[in-house]
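Listed below are the residues making up each chain.
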Amino acid sequence: MKHSTVFEREAPSVAAVTASLAGSRQSVFWLDELEQPVHPVLQGQARADLTVVGGGYCGLWTAVLAKRRNPGARVVLLEAERIGWAASGRNGGFVEASLTHGEENGRSRWPDDYPALERLGRENLAGLESDVVSLSLNCDFERTGVLSVAYEPHQVAWLAEMPEGVALGEAEVQAEVASPIFKAGRWVKDDTALVHPGRLAAELARVAGDLGVEIHEHSGVIGLESSRTGPVTVRTAKGSVASERVALATNVFRPLLKRSRLMTVPVYDYVLMTEPLTASQKAAIGWHNRQGLADLANQFHYFRLTPDDRILYGGYDAIYHAGRKVKAEYEDRRSSHETLASHFLTTFPQLEDIRFSHRWAGAIDTSTQFCAFHGLARRGRVAYAAGFTGLGVASTRFAAEVMLDRLAGESTERTQLEMVRKKPLPFPPEPFAKAGIEATKWSLDRADHREGRRNLLLRTLDRLGLGFDS
Ligand SMILES: Cc1cc2nc3c(=O)[nH]c(=O)nc-3n(C[C@H](O)[C@H](O)[C@H](O)COP(=O)(O)OP(=O)(O)OC[C@H]3O[C@@H](n4cnc5c(N)ncnc54)[C@H](O)[C@@H]3O)c2cc1C
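Asks: What is the right way to look at unusual backbone geometry in this model?
Replies: The phi angle of most residues is negative, glycine excepted, and most peptide bonds adopt the trans form. Here His 218, not a glycine, exhibits a phi torsion of approximately 50°, which is positive. When you line up the elements, His 218 lands in the loop between strand 9 (214–216) and strand 10 (223–226). The phi angle at Phe 370 is positive, at roughly 65°, despite the residue not being glycine. With respect to the helices, strands and loops of the structure, Phe 370 is situated in the loop between strand 17 (356–366) and strand 18 (373–377).

Asks: Can you walk me through the packing of helix 4 (residues 57–69) against helix 10 (residues 197–210) in this structure?
Replies: A pair of packed helices is captured by two measures, namely the crossing angle of their axes and the spacing between those axes. Closest axis-to-axis distance for the helix 4/helix 10 pair is 9 Å, and the angle between their directions is 30°. Relative to helix 10, the element helix 4 lies roughly parallel. Crossing angle aside, the handedness with which helix 4 passes helix 10 is left-handed. Contact residues: helix 4 offers Tyr 57, Leu 60, Trp 61 and Val 64, while helix 10 offers Pro 197, Leu 200, Ala 201, Leu 204, Ala 205, Val 207 and Ala 208. Looking at side-chain class alone, the contact of helix 4 with helix 10 contains eleven nonpolar, no polar and no charged residues.

Asks: Quick question: what am I supposed to make of the packing of helix 4 against helix 13 (residues 395–407) here?
Replies: Two numbers describe how helix 4 lies on helix 13: the axes approach to 8 Å, and their chain directions differ by 50°. What the angle tells us is that helix 4 and helix 13 run oblique. Of the two possible hands of crossing, helix 4 and helix 13 adopt the one that is right-handed. Counted together, Tyr 57, Cys 58, Trp 61, Thr 62, Leu 65, Ala 66, Arg 68 and Arg 69 of helix 4 and Thr 396, Arg 397, Ala 399, Ala 400, Glu 401, Met 403, Leu 404 and Asp 405 of helix 13 form the full contact between these two elements. Looking at the contact of helix 4 with helix 13 residue by residue, the classes come out as nine nonpolar, two polar and five charged.

Asks: Explain the site of the ligand to me, please; I cannot follow it from the model alone.
Replies: Taken together, 37 residues form the shell around the ligand, and within it Glu 79, Ser 88, Phe 94, Val 221 and Asn 251 come nearest. Between a nitrogen atom of the ligand and a main-chain N or O atom of Ala 80, the distance comes to 3.0 Å. Between the ligand and Trp 85 there is a distance of 2.9 Å, counted from an oxygen atom to a side-chain nitrogen or oxygen. Isolated, the ligand exposes 1,000 Å² of accessible area, and the fraction of that covered by the protein chains is 97%. Residue assignment for the shell around the ligand shows that the elements contributing at least two residues are helix 4, helix 5 (87–90), strand 13 (265–274) and strand 17.

Asks: Would you explain the side chain of Thr 346 in this entry?
Replies: Positionally, Thr 346 belongs in helix 12 (residues 334–347). Assessed through its relative accessible area of 4%, Thr 346 is described here as buried.

Asks: It is not clear to me how the domain arrangement of the protein chain should be interpreted in this structure. Could you clarify?
Replies: You'll often see interface size given as the accessible area lost when the parts meet. What the domain assignment lists for the protein chain is domain 1 (6–30 + 146–189 + 267–314 + 326–363) and domain 2 (44–136 + 196–263 + 369–421). In this assembly, 18 residues from domain 1 lie in contact with 15 residues from domain 2. Summing the contributions of domain 1 and of domain 2, the shared interface buries around 1,200 Å²; its carbon and sulfur component is 60%. If you look at where domain 1 meets domain 2, you find two salt bridges. Linking Glu 331 and Arg 90 is a salt bridge whose minimum nitrogen-to-oxygen distance equals 3.2 Å. At the junction of domain 1 with domain 2, the criterion picks out six residue pairs in polar contact (both at pLDDT 80 or more). Among the secondary structure elements, those contributing two or more residues to the side of domain 1 that touches domain 2 are strand 14 (292–295), strand 15 (301–305) and strand 17. Counting residues per element, the side of domain 1 that touches domain 2 draws most heavily on strand 17, which supplies four residues. Looking at side-chain class alone, the side of domain 1 that touches domain 2 contains 13 nonpolar, two polar and three charged residues.

Calculation criteria
- The residue count restarts for each chain, going from 1 along the sequence in the order it is written.
- Owing to the predicted nature of the model, reporting of local features is limited to residues with pLDDT of at least 70; listing and counting of side-chain atom pairs is limited to 80 or more, with chain, interface and lining totals taken over all residues.
- Note: side-chain values were computed over all heavy atoms of the structure, leaving out hydrogens and water.
- Helix and strand assignments follow DSSP, with helices taken as H or I runs no shorter than four residues and strands as E runs no shorter than two, numbered in order from the N terminus.
- Inter-axis angles, ranging from 0 to 180 degrees, are taken between N-to-C directions of lines fitted to C-alpha atoms, where helices are fitted over the stretch in contact.
- Note on terminology: angles under 35 degrees are roughly parallel, angles over 145 are roughly antiparallel, angles of 65 to 115 are roughly perpendicular, and the others are oblique.
- Should the near helix be turned anticlockwise from the far one by less than a right angle, the crossing is termed left-handed; should it be turned clockwise, right-handed.
- In this analysis, two residues are considered to be in contact whenever any of their non-hydrogen atoms come within 4.5 Å of each other.
- Note that Gly is not counted as nonpolar here; it falls among the polar residues with everything else outside the nonpolar set of Ala, Val, Leu, Ile, Met, Phe, Trp, Tyr, Cys and Pro and the charged set of Asp, Glu, Lys and Arg.
- Note on definitions. A residue lies near a molecule or strand when any single heavy atom of the residue is within 4 Å of it.
- In the analysis that follows, any N or O atom pair within 3.5 Å is treated as a polar contact, provided that within protein one partner can donate a hydrogen and the other can accept it, and provided that, for residues neighboring in sequence, both atoms belong to side chains.
- Accessible areas in this description were obtained via Shrake-Rupley with a 1.4 Å probe; residue shielding takes into account the shown protein chains only.
- The cut-offs for exposure are 20% and 50% of the maximum accessible area for each residue type, with area from a 1.4 Å probe on protein chains only; residues under the lower value are buried, those over the upper are exposed, and the others partly exposed.
- Domain ranges listed in this record stem from an automatic or a database domain assignment.
- Computed with a 1.4 Å rolling probe, the buried area is the accessible surface lost when two parts are put together, summed over both parts.
- Take a side-chain nitrogen of Lys or Arg and a carboxyl oxygen of Asp or Glu: if they are within 4 Å of each other, that pair is a salt bridge.

In structure tokens, the structure reads:
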């Protein structure tokens, strides 16, 4: 018998999908409405105690926390384009405690360290929340928790095995969020908040500036030079900074260190945003507790409300282009946005007249262990962290602390973690990367069509601790 998912069995008409997308613009909603000051291009030669490369969350937290540790330090942050323009400004805004891309991944890779990893992740989320308050970060932070939903029988069984949170039966989950396809749910209230991603980045830049960090935009670093005794110098097209320490927070972009070149692949993730719901549309779905939602498929969706009651709906397709390139042209992919619109209408058939206002995509920095790796280079003077694999809104703050611990030469509970001390396996070079990723994606889709059953390839990858996720 051919298996299908609910999105195939209860697909809306092509006309309904086309109409829902007809007025949408290819533009990142979160960045669209943001007014940010322009930071000057780096010109000439500068000196610093710490140079941070990258103006996403990871680099911004590194700069802010470096100033907190040592207010007198001269910190320079160099960003190739605009602050927060990349993943940090275009994500779903789920602020999750997990440092390990979920419990199962963390426990299976680092069983001995897992209790510490879980505690440190919770402390990091609490620290982030306390920073939101104490630094007055105006970023719509809401501690809503996350509601995992099942729409196939095998997913209901998986939910039942989850140890945490409140289990919700079919009627209860539909009373929270009225989708006829939800068969069960589990609401974990403590570990997840929601945030306006673009504002979080912009506010961190504001605070960094107030603390005296010198920020330069349109100042991409093209080279990193060091000698045995002198400072580490980073070069841009128009200038350079010589400093005692450098933190690389360049995420999915071409790494400045050769050793990191095969460690991540950019995987494109697609997102839709609706118009604000009308009062009757909102009444038709409930969602009074405003939780972040995610489903349990391998190719999963995430969805959430904005403060003005739009619905953000993203995920499912994870597209890798051979050659590891990050390119603007990969962001407009009609079929991925149509698939999302179709799945949205299956999930909320009562919103058949919904219109999407924005559609966009972003590159996810996927690593083979599904969470960040950390390293030191140039005799301990250059630190790096990348590979957050779609769960970096909170964990980049933890990675910033790790980089600062290590650059200071401090041994801390964080630096002792095996996750921090050891590197994951790299992805293979092309053409093997593309072939391997396509085979894995095909297998994941097949598993979603076969009650979650994993084929030989997936079971082998599981055993090797290797994989592909977004
Ligand atoms: C569509 C999408 C949805 C997501 N949803 C979620 C979610 O809901 N929850 C979650 O936790 N995570 C999510 N993520 C992941 C999360 O957004 C990232 O893990 C996180 O933003 C990574 O932050 P970063 O600072 O490391 O990287 P980025 O935000 O990518 O910043 C890196 C910066 O470095 C700059 N840079 C690169 N190279 C250089 C150079 N040589 N010189 C100068 N600057 C350089 C880039 O221009 C860029 O601004 C999502 C990601 C995407 C794409």
